[in-house]
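# Observations on the model geometry
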Amino acid sequence: MALSMVRPLFVIAGLYDFMIGLVFLFFGPQLFEATGVPQPNHWGYIQFGSLLLIIFGTMFFGVAYDPVANRNLIPYGMLLKLSYTGLATYYWVATDIPMLFKPFAIIDAVMLVLFFLAYSKRLAPP
């Protein structure tokens, strides 16, 4: 994957995770109600995950800004995507999950592959 493709990939990833984090942080109850997802017994669980997504989104912006200097951060993004995709897929197959979470699993699986391709390319300054 060319350096010219890595920057837009991580800008998109940053926006994706940052925006999802903001939506779940500020509109979690409304989103769960609108999609028919049972609410958690404490919103702190959702808020913590939301803040983590905002942090990772910020990290992806850092990778987009300087992919060469911040290449070492890409594996953490791959681990994030693997964690969500792995858990969501397992529960999707084993017990099913609400529709709200299924598109995120698919998108994160695609991002995992793209992050791997970006990381496997020895990024160098143009």
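It should be noted that the structure appears before, not after, this text.
Calculation rules
Residues numbered from 1 in each chain as written. Predicted model: local features only at pLDDT ≥ 70, side-chain atom pairs only at ≥ 80, totals over all residues. Heavy atoms only, no water. Helix = DSSP H or I, 4+ residues; strand = E, 2+ residues; numbered from the N terminus. Buried < 20%, exposed > 50% of the residue type's maximum accessible area, 1.4 Å probe, protein only. Contact = heavy atoms within 4.5 Å. Areas by Shrake-Rupley, 256 points an atom, 1.4 Å probe, with all protein chains shown as cover. Lys, Arg positive; Asp, Glu negative; His and termini not counted. Charge placed at Lys NZ, Arg CZ, Asp CG, Glu CD. Phe/Tyr/Trp six-rings, centres within 6.5 Å; stacked < 30°, edge-to-face > 60°. Lys NZ or Arg CZ within 6 Å of the ring centre and 35° of its normal. Expected span 1.5 Å × (residues − 1). Bend = angle between axes of the 7 residues up to and from the residue. Axes fitted to C-alpha atoms, helices over the stretch in contact; angles between N-to-C directions. Left-handed = near helix turned anticlockwise from the far one by under 90°. Nonpolar A, V, L, I, M, F, W, Y, C, P; charged D, E, K, R; others polar.

## Some points on the overall build of the chain
Each helix and strand counted, the chain has four helices and zero strands in total. The secondary structure elements of the chain, listed N-terminal to C-terminal, are α-α-α-α. In terms of overall dimensions, the chain has a C-alpha envelope of 50 × 30 × 20 Å along the principal axes. Residue burial in the chain is summarised as follows: out of 126 residues, 36% are buried. Restricting the contact set of the chain to residue pairs at least 6 apart, pairs at least 24 apart contribute 71%. For the chain, the exposed surface amounts to about 7500 Å²; the carbon and sulfur share of it is 74%. The distance from the centre of the 6 positive side-chain charges to the centre of the 5 negative ones in the chain is 17 Å.

## So, the packing of aromatic side chains
By the definition in use, this model includes 12 aromatic pairs. Ring plane angle 50° and centroid distance 5.9 Å describe the contact between Phe 10 and Phe 60, whose orientation is recorded as tilted. Separated by 50 residues along the polypeptide, Phe 10 in helix α1 (residues 3–35) and Phe 60 in helix α2 (residues 44–65) bring together distant segments of the chain. A relative accessible area of 0% means that Phe 10 is categorised as buried. An aromatic cluster of three or more residues is present, and its members are Tyr 16, Phe 24, Phe 32, Trp 43, Phe 101 and Phe 104. Lying over the aromatic face of Tyr 119, Arg 71 brings its terminal NZ or CZ to 3.9 Å of the ring centre.

## So, unusual backbone geometry
Of note in the backbone geometry, Asp 96 takes a positive phi value of approximately 75° without being a glycine. Within the secondary structure, Asp 96 is located in the loop between α3 (74–94) and α4 (102–120). Take Asp 96: its relative accessible area is 43%, and that puts it in the partly exposed class.

## Describing the environment of Met 111
Looking at the element boundaries, Met 111 is found in helix α4. Taking the C-alpha atoms as reference points, Met 111 and Lys 81, 30 residues apart in sequence, are found 7.1 Å from one another.

## Regarding α1
If you check α1, its first and last C-alpha atoms are just 39 Å apart, much less than what 33 residues at 1.5 Å a residue would give, namely 48 Å. Largest kink in α1: about 95°, centred on Phe 27, with the proline Pro 29 one to four residues after it. Immediately downstream of α1, the backbone of Gly 36 shows phi near 75°, a positive value.

## Side note on the packing of α2 against α3
Two numbers describe how α2 lies on α3: the axes approach to 10 Å, and their chain directions differ by 140°. In terms of crossing hand, the pair formed by α2 and α3 is left-handed. Residues Leu 53, Phe 56, Met 59, Phe 60 and Val 63 of α2 form the contact with α3, whose participating residues are Ile 74, Tyr 76, Gly 77, Leu 80 and Lys 81. Among the residues forming the contact of α2 with α3, the class breakdown is eight nonpolar, one polar and one charged.

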